[in-house]
Amino acid sequence: MDWGDGGWVGQEGCTIDELKLTAPAKVNLALYVLGRRPDGYHKLWTLMETISLADEVTLSGATDDAVRLTATGRPVPTGEENLIVRTARLLRERAGVSKGVDIHLDKVIPIGAGLGGGSSDAAATLVGLGRLWNLGLTENALMTLGAEVGSDVPFFVVMQLRGGSGAAVCRGRGEQVEVVEAPSPHWYLLLLPKEGVSTAAAYAALRAPTRLTTVPEKAKKTQEAYERGDVDELRQRCHNDLERVALSLSAGCRRAFERMVAAGLPQAAVSGSGSALFCLCGSREEAEGYAGVLAQHQETDGFEVVASGPNGQARPAARL
Ligand code: C5P
């Protein structure tokens, strides 16, 4: 295959036996669905930022040619249903690699939360295996392969290659990634309902226009507020076309949303297709303060409360 012509990301001539990668979650600060495409996907404009809530993916060279996955943390499938296994096998086949790999996933990001956990794991696998197998793949090649695995994977590939965190505006079905910079990364209060929402089900339930429209002016203003680091304005401008569907599909998501509103939080927003909710915060103190208030309801309402920060500082509310 054509590996594209971006910068080299492999480490030629260097042999690595084991590699540990942090696979961060993301939050959609804005998500506009611009229309339904002939291929069934939707045309998007979305502003996404990585957060410190993260999985850990460990890759170890195998002595045989098998791709194996083990997992700890939240229960996940470890066979072909897992994007990590599919991604590793795809890369192996496309790059003509005969070696195998043992992969361990420590799963922290909830599944079906709209936080991109599976896509981030896939991106970490792609970037990590590129290094472990010394493939010298370009950013373009990794993004192209990633897009075959899932719409959000190219975003996470770009974040991995930039050191593991950041933000971008993504277009197309999500695979066109334009990095954007903020003066400082953000803190978030996250509410994670027990049950997830299927992304496919959320899009299927959406009555999106079939005619492709241009990016709304509001979206550009959201990006400008992000780039200025104006948390108050950004909260006002956060918008998600999938929010209504997510709330209608998940009772847990609705309960958590209502709790945030009742607690008087300055924002209650759904990330992606749900079921996770967030409130953008100006500081760690603010995020942890709200987490303390909402933590009282986590048992009865069936959600987890997390204050997630910029530098691997996600903490369950129970430990605040
Ligand atoms: O690309 P990914 O496999 O993550 O998408 C999951 C599902 O979400 C797709 O099967 C599709 O139904 C829906 N989707 C969509 N438009 C997008 C991204 C995802 O309709 N831009």
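Fair warning: this is a prediction, and the values are worked out from it, not measured in the lab.

How each quantity is defined
Residues numbered from 1 in each chain as written. Predicted model: local features only at pLDDT ≥ 70, side-chain atom pairs only at ≥ 80, totals over all residues. Near = placed C-beta within 6 Å. Helix = DSSP H or I, 4+ residues; strand = E, 2+ residues; numbered from the N terminus. Nonpolar A, V, L, I, M, F, W, Y, C, P; charged D, E, K, R; others polar. Core = buried A, V, L, I, M, F, W, Y, C linked by C-beta atoms within 7 Å. Buried ≥ 20, exposed ≤ 12 C-beta atoms within 10 Å, placed from the backbone. Domains from an automatic or database assignment. Contact = placed C-beta atoms within 7 Å. Axes fitted to C-alpha atoms, helices over the stretch in contact; angles between N-to-C directions. Parallel < 35°, antiparallel > 145°, perpendicular 65-115°, else oblique. Left-handed = near helix turned anticlockwise from the far one by under 90°. Expected span 1.5 Å × (residues − 1).

Caption draft 1: Representation of the site of the ligand in the model. Lining the immediate environment of the ligand, one finds Y41, H42, L44, G150, S151, D152, R173, G174, T199, A200 and Y203. Every element with two or more residues in the shell around the ligand is listed here: β2 (42-61) and α5 (199-205). A total of 3 residues in the shell around the ligand trace back to one element, the largest contributor, which is α5. Split by residue class, the shell around the ligand holds 4 nonpolar, 5 polar and 2 charged.

Caption draft 2: Highlighting the nonpolar core. Formed by 99 residues in total, the largest nonpolar core has its most connected members in Y188, L189, L191, L277, F278 and C279. Element by element, the count of residues in this core is highest for strand β1 (residues 18-36), at 10 residues. Here this core spans two domains, since at least three of its residues come from each of domain 1 (18-180) and domain 2 (187-319). Ignoring any residue separated from it by four or fewer positions in sequence, one finds L189 in contact with F278, C279, C281, A287, Y290, A291 and A307.

Caption draft 3: How the structure looks around the domain arrangement of the protein chain. If you check the domain split of the protein chain, you get domain 1 (18-180) and domain 2 (187-319). Distance from the C-alpha centre of domain 1 to the C-alpha centre of domain 2: 22 Å. Each partner contributes residues to the interface: domain 1 has 29 residues there, and domain 2 has 44 residues. Contributions of two or more residues to the side of domain 1 that touches domain 2 are made by β1, β2 and β5 (167-172). Broken down by element, the residue count for the side of domain 1 that touches domain 2 peaks at 11 residues, all from β1. Each residue belonging to the side of domain 1 that touches domain 2 can be placed in one class, and the counts come to 19 nonpolar, 8 polar and 2 charged.

Caption draft 4: Seen up close, the packing of helix α1 (residues 83-95) against helix α2 (residues 117-132). Between α1 and α2, whose axes approach to 8 Å, the crossing angle comes to 30 degrees. The orientation of α1 relative to α2 falls into the category roughly parallel. Helix-helix and strand crossings are classified by hand; for α1 and α2 the assignment is right-handed. Contacts from L83, I84, T87, A88 and L91 in α1 reach G118, D121, A122, T125, L126 and L129 in α2.

Caption draft 5: Looking closely at α1. With 13 residues, α1 extends 18 Å from end C-alpha to end C-alpha; this agrees with the ideal 18 Å at 1.5 Å per step. Considered for burial, the residues of α1 that qualify are L83, I84, V85, T87, A88 and L91. Packing partners of the buried residues in α1 comprise β3 (67-73), β4 (101-107), α2 and α3 (139-149). Following α1 by one or two positions, G96 adopts a phi angle in the positive range, close to 65 degrees.

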